[in-house]
Amino acid sequence: MMDHTPVGIFGPKSPQALTWTISVANLTVVDKVPPEMLHLVDTYWYQFPPLETKWHAALATTIGLLALISIVGNGCVILIFSSTKGLRTPSNLMVINLAFADFMMMFTMAPPLIINSYHETWVFGPLMCEIYGMFGSLSGCVSIWSMTMIAFDRYTVIVKGLSAKPLTYVGSVMRILFVWANSLVWTLAPLFGWNRYVPEGNMSACGTDYLSKDWISVSYIYAYSVFVYWLPLLLIIYCYTYILKAVSAHERNMREQAKKMNVASLRSSDASKTNAEIKLAKVALVTITLWFMAWTPYLVINYAGIIDSSPISPLQTIWGSVFAKANAVYNPIVYGISHPKYRAALYKRFPALQLRKENATDQNSVASCTTAADQCET
């Protein structure tokens, strides 16, 4: 008679051990989700095993570090720009708005994500899932459109020059109100039936539903991506393209004029290692590059979900979401630390941060054009 006792690697395996192995193999990422949350979970996720604890730990650690940097960095930007008289300009109101959006992003997103990573699932119920998804989308949308308004402000001053109408406090506030109104329209829509907010693939965070194939859900993803990704991106590229053209033309005219006058240069700042055109090009390049780095992976995941172009794993969804949230860390560096007057005010408020003496020429660099209130020294 043939013995059908299950055999393991090191010898016969008991029926109890075999049963346990099968039950473990059949676990899915959805198994720990509370029953009241199951109606929000797409059946697509039932095919994936639970994420290993190390991934949840890595996620919590990463988002915790990003949150610390973002909250401190954006907090400093808000504090310095709002409390320093020389920085309280109409243009800098939009920089403060950007910093506030990024501060809100990490302040509202990180704590729940860290707690859920510890429990390895969403533990705050369906209502908080919707609120969490809405706040994440809102802060991201406000951040993106604030960057667009800043780019447009720079374009107006640098390209149009003296012919441009100066930005007033009222004008700046109106632009900020537009940013928030536009963002609220897109982020409140899922709460009223145009798409919905659901748990992400690893079940510890919530975002838009990009797996439902009904037209209501699909149309929202397409419309949202057009008005919250592609349109702002194209506007930023347009603004910086003409800014670079204007600076390049100005630099060329200055060199030609200097040549006619038989002098080396018409301005002392030419003695610096990096000229104005290159500095401005770097700011533009960094801005657009960080935009792509932060938001493109998450956009690709959304598109892949609605068109079934490729399989999406729970690990991909959560790290794509983390990349998008990381944009809240980049912006204080691009829009705050690159601003010489901000650096000077920051060092004055916190002297311990100044590790070396700033070069005097930095105060006259084109970095002072990071907001429209500052005129290029070119």
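Model, not experiment: these values are computed from the prediction. (Residues numbered from 1 in each chain as written. Predicted model: local features only at pLDDT ≥ 70, side-chain atom pairs only at ≥ 80, totals over all residues. Heavy atoms only, no water.)

Visitor: In this structure, what is going on with the overall build of the chain? I would like to understand it.
Guide: When helices and strands are tallied, the chain shows 10 helices and four strands. The order of helices and strands in the chain, counted from the N terminus, is β-β-α-α-α-α-α-β-β-α-α-α-α-α. Expressed as a percentage of contacts within the chain between residues at least 6 apart in sequence, the contacts between residues at least 24 apart total 76%. Of the accessible surface of the chain, which amounts to about 19300 Å², a share of 69% is contributed by carbon and sulfur atoms. (Helix = DSSP H or I, 4+ residues; strand = E, 2+ residues; numbered from the N terminus. Contact = heavy atoms within 4.5 Å. Areas by Shrake-Rupley, 256 points an atom, 1.4 Å probe, with all protein chains shown as cover.)

Visitor: Would you take a moment to explain empty space enclosed by the protein for this structure?
Guide: Gaps left between atoms are located by rolling a probe of water-molecule size over the structure's atoms. One pass over the full model with this rule turns up three cavities of 30 Å³ or more. In this model, the largest cavity occupies a volume close to 410 Å³. Residue lining of the largest cavity: 26 residues in total, with Ser137, Thr208, Tyr224, Trp295 and Tyr298 positioned closest to the centre. Looking at the lining of the largest cavity, the elements with two or more residues in it are helix 3 (90–119), helix 4 (125–160), strand 4 (206–208), helix 6 (215–260), helix 7 (276–307) and helix 8 (314–325). Estimated volume of the second largest cavity: approximately 80 Å³. If you go around the second largest cavity, the residues you meet are Leu40, Asp42, Trp45, Arg196, Val198, Pro199, Glu200, Gly201, Thr208, Asp209, Tyr210 and Leu211. Looking at the lining of the second largest cavity residue by residue, the classes come out as six nonpolar, two polar and four charged. (1 Å grid on protein atoms, 1.4 Å probe; cavity = no way out; pocket = protein on both sides within 12 Å on 5 of 7 lines; lining within 4 Å. Points joined across faces, edges and corners; volume = space filled by probe spheres on them. Nonpolar A, V, L, I, M, F, W, Y, C, P; charged D, E, K, R; others polar.)

Visitor: Looking at this structure, I do not really get helix 3. What am I missing?
Guide: One turn of an α-helix holds 3.6 residues; hence residues three or four places apart share an orientation. A rise of 1.5 Å per residue sets the reference length of helix 3, with its 30 residues, at 44 Å; its end C-alpha atoms lie 45 Å apart and thus fit the reference within 8%. In helix 3, a bend of some 25 degrees at alanine 110 exceeds every other bend along the element, and proline 111, a proline, comes one to four places later. Of the residues one or two after helix 3, glutamate 120 is the one with positive phi, at around 65 degrees. (Expected span 1.5 Å × (residues − 1). Bend = angle between axes of the 7 residues up to and from the residue.)

Visitor: How should I be thinking about the UniProt feature "transmembrane region" (unreviewed entry) in the chain in this particular structure?
Guide: Sites flagged by UniProt as "transmembrane region" (unreviewed entry) map to residues 55–81, 93–111, 131–152, 173–194, 221–244 and 283–306. End C-alpha atoms of residues 55–81 are separated by 38 Å, and the span's content is 100% helix alongside 0% strand. Across residues 221–244, the secondary structure splits into 100% helix and 0% strand, with the terminal C-alpha atoms separated by 33 Å. (UniProt positions renumbered as here; feature names shortened; annotations may be inferred.)

Visitor: How do you make sense of unusual backbone geometry when you look at a structure like this?
Guide: For glutamate 120, which is not glycine, the phi torsion reads 65 degrees and is therefore positive. Position of glutamate 120 relative to the elements: it lies in the loop between helix 3 and helix 4. Phi is positive for asparagine 195, close to 70 degrees, though the residue is something other than glycine. Secondary-structure assignment places asparagine 195 in the loop between helix 5 (169–188) and strand 3 (197–199).

Visitor: Explain the state of the cysteines to me, please; I cannot follow it from the model alone.
Guide: Simply put, the disulfide is a covalent bond whose two ends are the sulfur atoms of two cysteines. Throughout the structure, instances matching the rule amount to one disulfide. The side chain of cysteine 129 participates in a disulfide bridge whose partner is cysteine 206; the two sulfur atoms lie 2.0 Å from each other. On the S-S bond that ties cysteine 129 to cysteine 206, the torsion sits near -115 degrees, and the link is left-handed. Here cysteine 129, found in helix 4, pairs with cysteine 206, found in strand 4; they are 77 residues apart in sequence, far enough to count as distant. For the pair cysteine 129 and cysteine 206, one class covers both residues: buried. (Disulfide = S-S within 2.5 Å. Buried < 20%, exposed > 50% of the residue type's maximum accessible area, 1.4 Å probe, protein only.)

Visitor: Sorry if this is basic, but what is going on with the environment of tryptophan 45 here?
Guide: Looking at the element boundaries, tryptophan 45 is found in the loop between helix 1 (15–25) and helix 2 (53–83). Accessibility expressed as a relative area gives 3% for tryptophan 45, which makes it buried. A sequence separation of 156 residues divides tryptophan 45 from glycine 201, and the C-alpha atoms of the two residues are 6.5 Å apart. Not counting chain neighbours up to four residues away, the residues in contact with tryptophan 45 comprise Val29, Val30, Pro199, Gly201, Met203, Tyr210, Leu211, Ile312, Ser313, Pro314 and Thr317.

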